[in-house]
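Residue-level structure breakdown
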Amino acid sequence: MSQTYHPGTEVEYYSTSLSKWIPARVLRNGKAPGSFDLDCKDGVDTARIRPLPRSGSGSATSSSAGSGPGGGPLGLREGEPCFYRSSTHGWISAQAVKFRPEDRTYDLDVKQQVTQENIRAVRPGDRIEYHSTSSNTWIPAQVLRKGATAGTFDLDCKDNVHMSRLRPPKDEDSAGGRRRSGGGYNSGLASLPEQGGWHGGEESAESQAMRQRKLDQLRQATRSDNPEDIKKRLESTSALSLVGEEDLDIASHKLWQMQAKPEAQADLRKAIAGHNSGALEAAIEAAVAVGVAGAELDAARQALKRMQSSPLWRYDAGDGHHIDVRAQPKIDGPRVKKRLESGDIFCVSEERPGAEGVTFLQLADGRGWLFDRKPGVGVMCKRYVVPESDSPGTYMIIHDQTAVTPTEAIGESEGIVSKLSAGTIVKVLQVVNKMSAQRIRGRIESPAGWISLLDTAGGLRWAVKHKGGGGGRSM
(Lines give C-alpha, C1' and ligand atoms only; values in the text may rest on other atoms or scores of the structure.)
Protein backbone atom coordinates (compact mmCIF):
# COMPACT_ATOMS: atom_id res chain seq x y z
CA MET A 1 0.00 0.00 0.00
CA SER A 2 1.38 3.44 -0.95
CA GLN A 3 2.41 5.85 1.80
CA THR A 4 0.17 8.91 2.17
CA TYR A 5 1.66 12.35 2.80
CA HIS A 6 -0.30 15.48 3.65
CA PRO A 7 0.51 18.95 2.22
CA GLY A 8 3.19 20.64 4.30
CA THR A 9 4.78 17.37 5.45
CA GLU A 10 8.58 17.46 5.62
CA VAL A 11 10.03 14.41 3.83
CA GLU A 12 13.14 13.16 2.08
CA TYR A 13 13.21 12.80 -1.73
CA TYR A 14 15.68 10.59 -3.59
CA SER A 15 17.28 12.64 -6.35
CA THR A 16 18.55 10.41 -9.14
CA SER A 17 20.71 13.20 -10.53
CA LEU A 18 22.42 13.73 -7.16
CA SER A 19 22.27 10.02 -6.17
CA LYS A 20 21.22 10.83 -2.61
CA TRP A 21 18.25 11.66 -0.37
CA ILE A 22 17.56 15.38 -0.03
CA PRO A 23 15.09 17.28 2.21
CA ALA A 24 11.79 18.30 0.63
CA ARG A 25 8.28 19.42 1.46
CA VAL A 26 4.99 17.99 0.17
CA LEU A 27 2.88 20.62 -1.63
CA ARG A 28 -0.04 18.55 -2.95
CA ASN A 29 -1.08 15.23 -4.51
CA GLY A 30 0.43 14.68 -7.96
CA LYS A 31 -1.54 14.23 -11.15
CA ALA A 32 -0.59 10.54 -11.43
CA PRO A 33 -1.97 8.10 -8.82
CA GLY A 34 0.52 7.44 -6.03
CA SER A 35 2.58 10.57 -6.74
CA PHE A 36 3.11 13.90 -4.98
CA ASP A 37 4.22 17.39 -5.99
CA LEU A 38 7.17 18.46 -3.82
CA ASP A 39 8.77 21.87 -3.44
CA CYS A 40 11.70 20.62 -5.57
CA LYS A 41 9.87 18.47 -8.18
CA ASP A 42 6.35 17.65 -9.35
CA GLY A 43 4.87 14.18 -9.85
CA VAL A 44 7.28 12.24 -7.62
CA ASP A 45 6.40 8.58 -7.10
CA THR A 46 6.11 7.42 -3.48
CA ALA A 47 8.99 4.99 -4.08
CA ARG A 48 11.30 8.04 -4.14
CA ILE A 49 9.83 9.64 -0.98
CA ARG A 50 10.36 8.66 2.62
CA PRO A 51 9.46 10.21 6.00
CA LEU A 52 12.08 12.24 7.80
CA PRO A 53 14.05 10.11 10.28
CA ARG A 54 12.89 10.69 13.81
CA SER A 55 15.26 12.62 16.00
CA GLY A 56 17.06 10.25 18.32
CA SER A 57 15.46 7.16 16.83
CA GLY A 58 17.31 3.88 16.59
CA SER A 59 20.48 3.09 18.49
CA ALA A 60 22.63 5.86 17.04
CA THR A 61 24.34 8.03 19.60
CA SER A 62 24.34 11.81 19.44
CA SER A 63 27.86 11.82 18.07
CA SER A 64 27.11 9.40 15.27
CA ALA A 65 23.76 10.93 14.40
CA GLY A 66 25.48 13.72 12.58
CA SER A 67 27.59 11.57 10.32
CA GLY A 68 25.26 12.28 7.41
CA PRO A 69 23.01 15.09 6.23
CA GLY A 70 20.65 16.30 8.95
CA GLY A 71 22.80 15.16 11.89
CA GLY A 72 24.29 16.95 14.82
CA PRO A 73 22.81 18.51 17.94
CA LEU A 74 21.22 21.40 16.01
CA GLY A 75 19.53 19.02 13.56
CA LEU A 76 20.79 21.05 10.60
CA ARG A 77 20.38 19.20 7.34
CA GLU A 78 22.61 19.59 4.30
CA GLY A 79 21.55 22.71 2.37
CA GLU A 80 19.33 23.98 5.19
CA PRO A 81 19.47 27.78 5.75
CA CYS A 82 20.67 29.07 9.09
CA PHE A 83 22.39 32.09 10.69
CA TYR A 84 26.12 32.30 11.34
CA ARG A 85 27.50 34.72 13.92
CA SER A 86 30.56 36.38 12.44
CA SER A 87 32.91 38.10 14.85
CA THR A 88 33.22 40.90 12.31
CA HIS A 89 29.73 41.34 10.89
CA GLY A 90 27.38 39.83 13.45
CA TRP A 91 24.62 37.42 12.34
CA ILE A 92 24.63 36.69 8.61
CA SER A 93 22.64 34.16 6.58
CA ALA A 94 24.34 30.87 5.66
CA GLN A 95 23.67 27.29 4.58
CA ALA A 96 24.65 24.06 6.36
CA VAL A 97 27.02 21.82 4.42
CA LYS A 98 27.71 19.00 6.89
CA PHE A 99 28.16 18.12 10.55
CA ARG A 100 31.59 16.95 11.75
CA PRO A 101 31.04 14.34 14.51
CA GLU A 102 34.76 14.17 15.29
CA ASP A 103 34.84 17.71 16.74
CA ARG A 104 31.09 18.42 16.83
CA THR A 105 31.32 21.44 14.54
CA TYR A 106 29.51 22.35 11.34
CA ASP A 107 30.77 23.27 7.91
CA LEU A 108 28.74 26.15 6.48
CA ASP A 109 28.90 27.63 3.00
CA VAL A 110 30.52 30.76 4.48
CA LYS A 111 32.92 29.10 6.94
CA GLN A 112 34.11 25.63 7.98
CA GLN A 113 34.24 24.07 11.46
CA VAL A 114 31.85 26.50 13.12
CA THR A 115 30.98 25.79 16.75
CA GLN A 116 27.35 25.39 17.80
CA GLU A 117 27.13 28.65 19.76
CA ASN A 118 27.84 30.62 16.57
CA ILE A 119 25.01 29.02 14.59
CA ARG A 120 21.30 29.71 14.83
CA ALA A 121 18.92 27.24 13.20
CA VAL A 122 15.47 28.37 12.06
CA ARG A 123 12.55 26.23 13.20
CA PRO A 124 8.73 26.52 13.20
CA GLY A 125 7.66 28.51 16.27
CA ASP A 126 10.91 30.48 16.50
CA ARG A 127 10.81 34.19 17.23
CA ILE A 128 12.50 36.10 14.42
CA GLU A 129 12.86 39.61 13.01
CA TYR A 130 11.73 40.35 9.47
CA HIS A 131 12.84 43.28 7.31
CA SER A 132 9.78 44.94 5.82
CA THR A 133 10.58 46.61 2.51
CA SER A 134 7.43 48.73 2.69
CA SER A 135 8.37 50.31 6.03
CA ASN A 136 12.14 49.72 5.68
CA THR A 137 12.27 48.53 9.29
CA TRP A 138 12.82 45.29 11.19
CA ILE A 139 9.62 43.95 12.75
CA PRO A 140 9.10 41.01 15.16
CA ALA A 141 7.60 37.85 13.67
CA GLN A 142 7.22 34.12 14.26
CA VAL A 143 8.24 31.27 11.93
CA LEU A 144 5.31 29.05 10.95
CA ARG A 145 6.92 26.64 8.49
CA LYS A 146 9.33 26.36 5.58
CA GLY A 147 8.23 28.33 2.53
CA ALA A 148 7.18 26.91 -0.81
CA THR A 149 10.55 27.75 -2.39
CA ALA A 150 14.07 26.92 -1.24
CA GLY A 151 15.61 29.27 1.32
CA THR A 152 12.27 30.80 2.35
CA PHE A 153 9.98 30.65 5.39
CA ASP A 154 6.32 31.36 6.03
CA LEU A 155 5.93 33.84 8.90
CA ASP A 156 2.86 34.85 10.89
CA CYS A 157 2.92 38.16 9.00
CA LYS A 158 4.01 37.10 5.50
CA ASP A 159 4.56 33.92 3.46
CA ASN A 160 7.61 32.87 1.46
CA VAL A 161 10.11 35.30 3.00
CA HIS A 162 13.69 34.78 1.85
CA MET A 163 16.37 34.08 4.45
CA SER A 164 18.21 37.27 3.48
CA ARG A 165 15.36 39.30 5.00
CA LEU A 166 15.45 37.57 8.39
CA ARG A 167 17.61 37.83 11.49
CA PRO A 168 17.53 36.53 15.07
CA PRO A 169 15.84 38.78 17.65
CA LYS A 170 18.10 41.28 19.40
CA ASP A 171 17.42 39.72 22.79
CA GLU A 172 18.61 36.31 21.63
CA ASP A 173 22.21 35.34 22.24
CA SER A 174 23.19 32.31 20.16
CA ALA A 175 22.31 29.02 18.53
CA GLY A 176 20.39 27.70 21.48
CA GLY A 177 17.98 30.63 21.46
CA ARG A 178 19.13 32.04 24.85
CA ARG A 179 17.82 35.50 25.64
CA ARG A 180 19.99 38.27 27.03
CA SER A 181 18.61 40.18 29.99
CA GLY A 182 20.17 43.46 28.87
CA GLY A 183 18.50 43.42 25.44
CA GLY A 184 20.27 44.27 22.22
CA TYR A 185 23.23 42.42 20.74
CA ASN A 186 26.34 41.44 22.62
CA SER A 187 29.80 42.50 21.43
CA GLY A 188 29.68 39.94 18.61
CA LEU A 189 26.33 41.30 17.48
CA ALA A 190 27.01 44.99 17.93
CA SER A 191 25.47 47.36 15.42
CA LEU A 192 28.12 48.30 12.87
CA PRO A 193 26.67 50.92 10.52
CA GLU A 194 30.01 51.64 8.91
CA GLN A 195 30.22 47.98 7.90
CA GLY A 196 26.60 47.70 6.90
CA GLY A 197 25.54 45.79 10.03
CA TRP A 198 21.87 45.50 10.91
CA HIS A 199 20.46 48.50 12.71
CA GLY A 200 17.12 50.05 13.35
CA GLY A 201 17.84 53.64 12.27
CA GLU A 202 18.00 55.25 8.86
CA GLU A 203 21.04 54.80 6.65
CA SER A 204 23.43 57.71 6.29
CA ALA A 205 24.20 59.16 2.87
CA GLU A 206 27.63 57.53 3.06
CA SER A 207 26.11 54.12 3.83
CA GLN A 208 23.62 54.46 1.00
CA ALA A 209 26.41 55.35 -1.43
CA MET A 210 28.48 52.35 -0.27
CA ARG A 211 25.43 50.12 -0.62
CA GLN A 212 24.86 51.29 -4.19
CA ARG A 213 28.52 50.77 -5.12
CA LYS A 214 28.41 47.22 -3.82
CA LEU A 215 25.23 46.49 -5.72
CA ASP A 216 26.75 47.86 -8.92
CA GLN A 217 29.81 45.66 -8.40
CA LEU A 218 27.56 42.65 -7.82
CA ARG A 219 25.61 43.32 -11.02
CA GLN A 220 28.83 43.67 -12.98
CA ALA A 221 30.13 40.38 -11.56
CA THR A 222 26.86 38.65 -12.46
CA ARG A 223 27.16 39.83 -16.06
CA SER A 224 30.80 38.70 -16.22
CA ASP A 225 29.95 34.97 -15.90
CA ASN A 226 32.95 34.58 -13.58
CA PRO A 227 31.91 32.36 -10.64
CA GLU A 228 34.81 33.44 -8.44
CA ASP A 229 33.98 37.10 -8.96
CA ILE A 230 30.29 36.50 -8.20
CA LYS A 231 31.18 34.56 -5.04
CA LYS A 232 33.51 37.32 -3.88
CA ARG A 233 30.86 39.99 -4.40
CA LEU A 234 28.17 37.90 -2.72
CA GLU A 235 30.34 37.53 0.38
CA SER A 236 30.85 41.27 0.40
CA THR A 237 27.15 42.03 0.02
CA SER A 238 26.29 39.50 2.76
CA ALA A 239 28.56 41.39 5.12
CA LEU A 240 26.76 44.61 4.21
CA SER A 241 23.36 43.00 4.87
CA LEU A 242 21.79 44.06 1.59
CA VAL A 243 18.51 42.47 2.59
CA GLY A 244 15.58 42.34 0.23
CA GLU A 245 17.63 43.09 -2.89
CA GLU A 246 16.57 41.15 -5.98
CA ASP A 247 20.15 41.31 -7.28
CA LEU A 248 21.27 39.06 -4.41
CA ASP A 249 18.83 36.33 -5.43
CA ILE A 250 19.80 36.65 -9.10
CA ALA A 251 23.53 36.45 -8.34
CA SER A 252 23.15 33.57 -5.88
CA HIS A 253 21.06 31.57 -8.34
CA LYS A 254 23.47 32.22 -11.20
CA LEU A 255 26.47 31.16 -9.08
CA TRP A 256 24.70 27.93 -8.14
CA GLN A 257 23.85 27.27 -11.80
CA MET A 258 27.44 27.85 -12.97
CA GLN A 259 28.89 25.57 -10.30
CA ALA A 260 26.35 22.78 -10.89
CA LYS A 261 26.16 22.92 -14.70
CA PRO A 262 29.27 20.80 -15.60
CA GLU A 263 28.10 17.88 -13.46
CA ALA A 264 24.55 18.17 -14.81
CA GLN A 265 25.83 18.13 -18.40
CA ALA A 266 27.96 15.05 -17.70
CA ASP A 267 24.96 13.28 -16.11
CA LEU A 268 22.85 14.20 -19.14
CA ARG A 269 25.32 12.68 -21.60
CA LYS A 270 25.69 9.56 -19.44
CA ALA A 271 21.91 9.08 -19.22
CA ILE A 272 21.49 9.42 -22.99
CA ALA A 273 24.24 6.87 -23.62
CA GLY A 274 22.72 4.51 -21.04
CA HIS A 275 19.28 4.43 -22.74
CA ASN A 276 17.51 4.53 -19.36
CA SER A 277 14.36 6.65 -19.43
CA GLY A 278 14.15 7.10 -15.65
CA ALA A 279 17.76 8.26 -15.36
CA LEU A 280 17.38 10.52 -18.39
CA GLU A 281 14.22 12.12 -17.04
CA ALA A 282 16.01 12.96 -13.77
CA ALA A 283 19.06 14.24 -15.67
CA ILE A 284 16.89 16.52 -17.82
CA GLU A 285 15.22 17.82 -14.66
CA ALA A 286 18.61 18.69 -13.17
CA ALA A 287 19.88 20.16 -16.46
CA VAL A 288 16.92 22.52 -16.77
CA ALA A 289 17.37 23.64 -13.17
CA VAL A 290 21.00 24.68 -13.77
CA GLY A 291 20.30 26.40 -17.08
CA VAL A 292 21.46 23.86 -19.66
CA ALA A 293 19.76 24.86 -22.91
CA GLY A 294 20.02 24.70 -26.68
CA ALA A 295 20.89 21.68 -28.78
CA GLU A 296 22.16 19.60 -25.87
CA LEU A 297 18.87 19.78 -23.97
CA ASP A 298 16.81 19.33 -27.15
CA ALA A 299 18.76 16.16 -28.01
CA ALA A 300 18.12 14.79 -24.51
CA ARG A 301 14.39 15.49 -24.77
CA GLN A 302 14.20 13.78 -28.16
CA ALA A 303 16.06 10.77 -26.74
CA LEU A 304 13.62 10.62 -23.81
CA LYS A 305 10.66 10.83 -26.17
CA ARG A 306 12.00 7.87 -28.15
CA MET A 307 12.53 5.86 -24.97
CA GLN A 308 9.05 6.64 -23.62
CA SER A 309 7.44 5.59 -26.90
CA SER A 310 9.21 2.26 -26.52
CA PRO A 311 8.22 -0.49 -28.97
CA LEU A 312 8.40 -2.94 -26.06
CA TRP A 313 5.25 -4.44 -24.58
CA ARG A 314 4.56 -6.91 -21.77
CA TYR A 315 1.82 -9.53 -21.79
CA ASP A 316 -0.03 -9.92 -18.50
CA ALA A 317 -3.79 -10.54 -18.47
CA GLY A 318 -3.72 -10.91 -14.69
CA ASP A 319 -4.83 -14.54 -14.66
CA GLY A 320 -1.43 -16.21 -15.16
CA HIS A 321 -2.53 -17.90 -18.41
CA HIS A 322 -0.62 -17.89 -21.69
CA ILE A 323 -1.82 -16.22 -24.88
CA ASP A 324 -1.70 -17.66 -28.40
CA VAL A 325 -0.21 -15.44 -31.12
CA ARG A 326 -2.64 -14.62 -33.94
CA ALA A 327 -1.79 -14.86 -37.63
CA GLN A 328 -3.81 -11.70 -38.37
CA PRO A 329 -4.76 -8.49 -36.49
CA LYS A 330 -8.01 -10.06 -35.25
CA ILE A 331 -8.90 -11.20 -31.75
CA ASP A 332 -10.77 -14.22 -33.11
CA GLY A 333 -8.34 -14.70 -36.01
CA PRO A 334 -6.43 -17.92 -36.72
CA ARG A 335 -3.72 -18.82 -34.23
CA VAL A 336 -0.13 -19.77 -34.99
CA LYS A 337 1.99 -22.30 -33.15
CA LYS A 338 3.55 -19.61 -30.96
CA ARG A 339 2.49 -18.35 -27.58
CA LEU A 340 3.60 -15.97 -24.84
CA GLU A 341 3.57 -16.75 -21.14
CA SER A 342 2.32 -14.31 -18.54
CA GLY A 343 5.00 -11.65 -17.98
CA ASP A 344 6.75 -12.16 -21.33
CA ILE A 345 8.13 -9.04 -23.01
CA PHE A 346 8.02 -8.58 -26.77
CA CYS A 347 9.04 -5.99 -29.35
CA VAL A 348 6.47 -4.48 -31.72
CA SER A 349 7.02 -3.28 -35.29
CA GLU A 350 3.47 -1.95 -35.86
CA GLU A 351 0.62 -0.73 -33.67
CA ARG A 352 -2.64 -0.86 -35.62
CA PRO A 353 -5.86 0.69 -34.21
CA GLY A 354 -8.91 -1.58 -34.27
CA ALA A 355 -12.57 -1.50 -33.27
CA GLU A 356 -13.73 -0.74 -29.69
CA GLY A 357 -10.46 0.93 -28.75
CA VAL A 358 -8.34 -2.20 -29.32
CA THR A 359 -4.77 -1.75 -30.58
CA PHE A 360 -3.29 -4.69 -32.47
CA LEU A 361 0.43 -5.31 -31.98
CA GLN A 362 2.59 -6.92 -34.64
CA LEU A 363 5.58 -8.73 -33.16
CA ALA A 364 8.81 -7.40 -34.65
CA ASP A 365 10.29 -10.87 -35.14
CA GLY A 366 7.44 -11.95 -37.45
CA ARG A 367 5.73 -14.39 -35.12
CA GLY A 368 2.32 -12.75 -35.59
CA TRP A 369 -0.10 -10.41 -33.79
CA LEU A 370 -1.35 -9.72 -30.25
CA PHE A 371 -3.71 -7.05 -28.90
CA ASP A 372 -3.55 -4.63 -25.97
CA ARG A 373 -7.06 -5.29 -24.65
CA LYS A 374 -10.00 -7.62 -25.15
CA PRO A 375 -13.50 -6.13 -24.94
CA GLY A 376 -15.42 -7.61 -22.03
CA VAL A 377 -12.25 -9.05 -20.50
CA GLY A 378 -9.84 -6.20 -19.94
CA VAL A 379 -6.18 -5.26 -20.49
CA MET A 380 -4.00 -7.94 -22.04
CA CYS A 381 -0.72 -6.11 -22.80
CA LYS A 382 0.91 -2.94 -21.46
CA ARG A 383 3.73 -0.84 -22.83
CA TYR A 384 7.05 -1.69 -21.18
CA VAL A 385 10.10 0.49 -20.55
CA VAL A 386 13.44 -1.10 -19.68
CA PRO A 387 14.19 0.05 -16.12
CA GLU A 388 18.00 0.03 -16.34
CA SER A 389 20.88 0.42 -18.75
CA ASP A 390 22.37 -2.61 -20.45
CA SER A 391 25.22 -4.23 -18.52
CA PRO A 392 26.66 -7.72 -18.00
CA GLY A 393 24.19 -10.14 -16.44
CA THR A 394 21.44 -12.64 -17.20
CA TYR A 395 19.21 -11.85 -20.19
CA MET A 396 16.14 -13.35 -21.83
CA ILE A 397 15.88 -13.43 -25.62
CA ILE A 398 12.65 -11.69 -26.71
CA HIS A 399 13.28 -11.61 -30.50
CA ASP A 400 12.75 -15.05 -31.99
CA GLN A 401 15.71 -16.44 -33.96
CA THR A 402 18.23 -13.92 -32.60
CA ALA A 403 21.53 -14.44 -34.43
CA VAL A 404 24.76 -15.26 -32.55
CA THR A 405 27.90 -14.14 -34.43
CA PRO A 406 31.60 -14.79 -33.77
CA THR A 407 32.60 -11.13 -33.17
CA GLU A 408 31.04 -7.86 -32.09
CA ALA A 409 31.04 -6.60 -35.70
CA ILE A 410 27.67 -6.13 -37.36
CA GLY A 411 26.99 -7.53 -40.83
CA GLU A 412 30.12 -9.67 -40.80
CA SER A 413 30.64 -12.29 -43.49
CA GLU A 414 31.99 -14.99 -41.18
CA GLY A 415 28.57 -16.51 -40.72
CA ILE A 416 26.23 -17.16 -37.83
CA VAL A 417 27.20 -19.38 -34.91
CA SER A 418 23.62 -20.08 -33.81
CA LYS A 419 20.10 -18.70 -33.64
CA LEU A 420 18.28 -18.33 -30.32
CA SER A 421 14.54 -18.78 -29.81
CA ALA A 422 12.46 -16.30 -27.84
CA GLY A 423 12.49 -17.23 -24.15
CA THR A 424 16.09 -18.49 -24.16
CA ILE A 425 18.12 -17.41 -21.11
CA VAL A 426 21.72 -16.33 -21.78
CA LYS A 427 24.53 -14.91 -19.72
CA VAL A 428 25.97 -11.66 -21.13
CA LEU A 429 29.63 -11.25 -20.18
CA GLN A 430 30.41 -7.96 -21.92
CA VAL A 431 28.40 -5.06 -23.36
CA VAL A 432 29.67 -2.77 -26.15
CA ASN A 433 27.96 0.34 -27.55
CA LYS A 434 28.62 0.42 -31.30
CA MET A 435 27.72 4.09 -31.72
CA SER A 436 28.54 4.28 -35.41
CA ALA A 437 26.12 1.43 -36.09
CA GLN A 438 23.59 2.62 -33.46
CA ARG A 439 23.65 -0.80 -31.87
CA ILE A 440 24.38 -2.18 -28.40
CA ARG A 441 26.00 -5.63 -28.58
CA GLY A 442 26.55 -8.25 -25.91
CA ARG A 443 29.07 -11.08 -25.70
CA ILE A 444 27.37 -14.21 -24.34
CA GLU A 445 28.80 -17.20 -22.54
CA SER A 446 26.92 -19.96 -24.36
CA PRO A 447 26.84 -20.42 -27.21
CA ALA A 448 30.04 -18.37 -27.29
CA GLY A 449 29.59 -15.32 -29.48
CA TRP A 450 27.87 -11.94 -29.80
CA ILE A 451 24.21 -10.90 -30.03
CA SER A 452 22.51 -7.56 -30.57
CA LEU A 453 20.76 -6.21 -27.48
CA LEU A 454 19.32 -2.90 -28.71
CA ASP A 455 18.99 -0.78 -31.84
CA THR A 456 19.50 2.68 -30.31
CA ALA A 457 17.96 4.45 -33.30
CA GLY A 458 14.59 2.72 -33.46
CA GLY A 459 14.34 1.00 -30.08
CA LEU A 460 14.19 -2.55 -31.44
CA ARG A 461 15.31 -5.04 -28.78
CA TRP A 462 16.58 -8.57 -29.02
CA ALA A 463 16.99 -9.29 -25.28
CA VAL A 464 16.12 -7.84 -21.86
CA LYS A 465 17.56 -8.30 -18.38
CA HIS A 466 16.09 -11.35 -16.65
CA LYS A 467 15.52 -11.25 -12.90
CA GLY A 468 14.67 -14.92 -12.50
CA GLY A 469 11.49 -16.29 -10.99
CA GLY A 470 10.58 -18.76 -13.68
CA GLY A 471 10.11 -18.61 -17.41
CA GLY A 472 12.58 -19.13 -20.18
CA ARG A 473 15.09 -21.88 -20.78
CA SER A 474 18.84 -21.79 -20.31
CA MET A 475 21.39 -22.58 -22.94
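Residues numbered from 1 in each chain as written. Predicted model: local features only at pLDDT ≥ 70, side-chain atom pairs only at ≥ 80, totals over all residues. Heavy atoms only, no water.

**Section: the nonpolar core**
Ranked by size, the top nonpolar core spans 16 residues in total, and within it Tyr 315, Ile 323, Leu 340, Phe 346, Leu 370 and Cys 381 carry the most contacts. When neighbours within four sequence positions are excluded, Ile 323 is seen to be in contact with Tyr 315, Lys 338, Arg 339, Leu 340, Leu 370, Phe 371 and Met 380. (Core = buried A, V, L, I, M, F, W, Y, C linked by side-chain atoms within 4.5 Å. Buried < 20%, exposed > 50% of the residue type's maximum accessible area, 1.4 Å probe, protein only. Contact = heavy atoms within 4.5 Å.)

**Considering unusual backbone geometry**
Cis geometry is adopted by the peptide bond preceding Pro 447, which originates at Ser 446 and carries an omega value of -5 degrees. Residue position: Pro 447 is located in the loop between strand S28 (439–444) and strand S29 (449–455). Positioned with a positive phi, Glu 356 is a non-glycine residue whose angle comes to about 60 degrees. As for its position among the elements, Glu 356 is in the loop between strand S18 (345–353) and strand S19 (359–363). The phi dihedral of Gln 438 is positive, around 55 degrees, even though this residue is not glycine. As for its position among the elements, Gln 438 is in the loop between strand S27 (424–434) and S28. (Helix = DSSP H or I, 4+ residues; strand = E, 2+ residues; numbered from the N terminus.)

**Observations concerning the confidence of the model for the protein chain**
Summarising the model, the protein chain shows a mean pLDDT of 78, and 77% of its residues fall at 70 or more. Mean pLDDT in the protein chain bottoms out at strand S31 (residues 473–474), which sits at 57, and peaks at strand S20 (residues 369–371), which reaches 97. Contacts for the low-pLDDT stretch residues 55–70, under 50 throughout, to residues beyond four places or in other chains number 17 contacts. Below a pLDDT of 50 lies the segment residues 174–201, which in the model reaches 66 contacts outside its immediate sequence neighbourhood of four places, other chains included. (pLDDT = per-residue confidence, 0-100.)

**Focus on the sheet that holds strand S8 (residues 105–108)**
Reading across the sheet, the four strands line up as S8-S7-S6-S9 and stay open at both edges, with antiparallel pairing between neighbours. Because the sheet does not close on itself, it has two edges, and the strands there are S8 and strand S9 (119–121). Neighbour-to-neighbour, the strand axes of the sheet open up by a mean angle of 55 degrees, direction not taken into account. Across three bridges, strand S6 (residues 81–86) lies against S9 in antiparallel orientation. If you follow Tyr 84 over to S9, its bridge partner there is Ile 119. (Pairing = 2+ DSSP bridges. Axes fitted to C-alpha atoms, helices over the stretch in contact; angles between N-to-C directions.)

**A word on the pattern of salt bridges**
Here the structure, examined in full by the defined rule, presents 19 salt bridges. With a closest N to O distance of 2.7 Å, Arg 100 and Asp 107 form a salt bridge. Connected through salt bridges with shared partners, the residues Glu 12, Arg 50 and Arg 77 form a single ionic network. (Salt bridge = Lys/Arg side-chain N within 4 Å of Asp/Glu carboxyl O.)

**Section: the sheet that holds strand S14 (residues 166–167)**
Sheet strands pair via backbone hydrogen bonds, and the direction of the pair is either parallel or antiparallel. An order of S13-S12-S11-S10-S14 is seen for the five strands of this open sheet, with the pairing classed as antiparallel. In this open sheet, the two strands that pair with only one neighbour each are strand S13 (161–162) and S14. Examined bridge by bridge, strand S12 (residues 152–155) and S13 share two bridges and lie antiparallel to one another. Among the inter-strand pairings, Thr 152 is bridged to a residue of S13, identified as His 162.

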